[in-house]
Each structure stands twice: as C-alpha cells, then as structure tokens.
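# Summary of structural features
Below, each chain spelled out in residue letters.
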Amino acid sequence: MNRREFLKMSGVGLLTMFLNNYKISAQSLRKIDFHAHAILPSYIEGLKIAGIDAQAEEGFPLPKWSAEEHLKFMSSAGIDFTILSMPTPHISNSDLIRAVNEEKSALCKKFPDKFGFVSALPLPDIDSSIAEINYSIKKLGALGFKVASNSCGKYLGDESFDPIFEKLNQLESLVIIHPSPARQLPRENVITGRVMALFEYPADTTRAVLNMLANSTFEKFPKVKFVVPHCGSFLPYMKQRASAMFKMLSSMNMMKPVEIESGIKKLYFDLAGDPMPEQMDILLKITDIDHLVYGSDYPYVPAHILLQKKKLLDEQLQNKNLMKKIYIDNAENL
C-alpha cells in the first residue's frame, strides 16, 4: 500500500485493505491489538496546556512510552499490528486533540505495517467533533475513533451526542470506548477513588454503556462497531440486574422500554485486563466468541506483566482452538 492509497482510505476500508494485503501468508498474522496507547509529546504538552495533572487524576503515574519499546513488546508478545489510541486523562480542547491526532498519524505512516490509530474527539463539542471526524478520515488515515465514557461529565448515550453518532453510523466506523473518571468521586481514604484503574474506570465504562442501552444508542446507530474495553468492565454482572430494573422502571413509566439483549449483542469486547482465569468465561455469559478481540493495554501494564498474562491467555485459547478466532478473524470482521 502506498502513501496516497493510505490517505484515501476511510477508517474501515483502510483496516480491511491492510489486513487483506498483509495476509499474503495467513500464518504470519498472529495477533492484532485493539487496546494500546501512544504517549506522545503532543499529548504530554496538551495535558500541561489544559492544566491536567495525570498522576493526581488517575492515582497512577503516566507511563513512559516510545515507539521502539512498543515494537519490542509487540515482537515479544507476537503482536503484528496495534491500533493506538490517546491515553487517559482525556483532553477536550479541539486544538490539542488535533495536535495529538496528527502526531499519531505521522507515527503510523512511519510504521504503516505495525501501527494504526483511532482518532480522539473533542467531546462534548459537537461541531468540533464532527470536523475532527472528517479531518481524521480524509487527511489522517484514522481507522476509527476513540470516545470517552464521559466527557466533562456528559455521558455516552446523551441524546445531544446523536449528530456525532449519526455521522459515525454513515461511515460504519469503528468506535473504541475508553473510561474516564466520573466528575465527583470519594477520593480521600478510599482506594477505589484514589487509583482509577482499580474500580472507577470499569465502573464508568459500565455506566456509559448502560446509558447507551437505556437511550437505544445501539439501535439508532446499528452500523457503528463499538468496542467495550477491559473484558466488558462490570457489564457481565450488570446485564441481568439492568434488564430487570429497566423492565420495572418502564412498567412504572419512568423510562421507555429497552431491549437490552439485542443491544449487547451488537457490541465487541476487548480482553485488556485479566481475562484469565475467570474473566473471559464471565464475559461469555453475555456475548459470544465472535465478539471478542485482543487488547494489551500497553504501556499502562508493564511489558513483563503483559507477557505473563499473554502466556496464560494463549494456553487457554490454544486448548480451546480459539487463538486464530480471537487474535485474527474477529479483528478482520471489525
């Protein structure tokens, strides 16, 4: 694929073309990583300009990252292609978002057979987000888009976001959901409010997806391919409870009826986090094997720990003859 072809392709078309071209030898394509982050200078500078202290917000230091170290990890883990997204904390300023997206695009053009990316959007700004979608597709070669569970306190599923998802629906876009901390948290003397990745991130992802289900986002925009992170977060537990609650609330005229089963069936889930020994089996209570894709969460999880997790996952998938299905086939279908 030459550079002109790369720039011409839409997000979904680009990924499809890459995979088709790269499968000259089917055996060589071992793994596609749907959940990884590039911590670029434009992002670090953007945090400073926005006045965001990453460690204070996340309770976790911003990891060091370089393309060289990421490629080393990919080689060790048997990952052939990685879809990069902007890290957390999220930035909402449109100029800062543009700078990060442009730098990611330049990186992926430097390593086109190793890296692709999803563009961040300056939510909750509707007009700027639609402009960024158009620019990312036409100029940057984005494979899709990353959206935060909440943006400045406004959650996915909010009907004010419908124009954005209508645009993404027209493009049949890949959309990767990523958690963001809720606006107000019990941060003092409680570890779940101090270290976001422990509880608040999966909680906020689940809150966003439940809001999308309640507001029929997945039915209204059926061509958008949503990926829910971290083994579905708390959704496997919440599905049964939410289904019962939605029915009760609709019977009391407190909300409109919701078909939660059909909504969840439309979703894809990445296996970032700890899929073994229990989490993947729990996730499969609400979805099927066709809707699982691999995710590493590099560099937020150190490489040596990810390699240990990979070994456990590989063993289980090999025993069930599912390695090609999850690492390759489902990614192609997306």
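Our structure is the block above this text.
Residues numbered from 1 in each chain as written. Predicted model: local features only at pLDDT ≥ 70, side-chain atom pairs only at ≥ 80, totals over all residues. Heavy atoms only, no water.

## Let's talk about the nonpolar core
Short version of the rule: Here, nonpolar core means buried Ala, Val, Leu, Ile, Met, Phe, Trp, Tyr and Cys residues that are tied together by side-chain atoms lying within 4.5 Å of each other. Buried means the residue's accessible area, taken with a 1.4 Å probe over protein chains only, is under 20% of the maximum for its type, while exposed means over 50%, and partly exposed covers the values in between. For the purposes of this entry, the term helix denotes a DSSP run of H or I that reaches at least four residues, the term strand denotes a run of E that reaches at least two, and both are numbered from the N terminus. Working rule for contacts: check all heavy atoms of both residues, and any pair within 4.5 Å makes them a contact.
Ranked by size, the top nonpolar core spans 85 residues in total, and within it L107, F226 and F269 carry the most contacts. Here the element with the most residues in this core is helix α9 (residues 200–214); it accounts for seven residues. Among all residues touching L107, those that are not within four sequence positions of it are A38, L40, W65, A67, L84 and F115. Formed by 13 residues, the second largest nonpolar core is a distinct cluster that contains F34, I83, L143 and Y268.

## Points about the sheet that holds strand β2 (residues 81–85)
Just so we agree on the cut-off: Pairing between strands is defined by DSSP: at least two bridges between them are needed.
Read from one edge to the other, the open sheet built from eight strands follows the order β1-β2-β3-β4-β7-β8-β9-β10, with strand pairing classed as parallel. Unpaired on one side and paired on the other, β1 (32–37) and β10 (292–293) mark the two borders of the sheet. Across five bridges, the pairing between strand β4 (residues 144–148) and strand β7 (residues 174–178) is parallel. By the bridge assignment for β7, K146 is matched with I176.

## Observations regarding the packing of helix α14 (residues 303–319) against helix α15 (residues 323–333)
Stated precisely, the cut-off is as follows: Working convention: axes come from line fits to C-alpha atoms, limited for helices to the stretch in contact. Angles between N-to-C directions cover 0 to 180 degrees. Working definition: roughly parallel below 35 degrees, roughly antiparallel above 145 degrees, roughly perpendicular at 65 to 115 degrees, and oblique for all remaining angles. Residues are grouped as follows: nonpolar covers Ala, Val, Leu, Ile, Met, Phe, Trp, Tyr, Cys and Pro; charged covers Asp, Glu, Lys and Arg; every other residue, Gly included, is treated as polar.
Orientation of α14 relative to α15, taken along the N-to-C sense of each, is 105°, at an axis distance of 7 Å. One way to sum up the angle between α14 and α15 is to call them roughly perpendicular. Residue-level contacts link L313, D314, L317 and Q318 of α14 to M323, I326 and Y327 of α15. When its residues are assigned to classes, the contact of α14 with α15 shows five nonpolar, one polar and one charged.

Geometry only, nothing functional implied.
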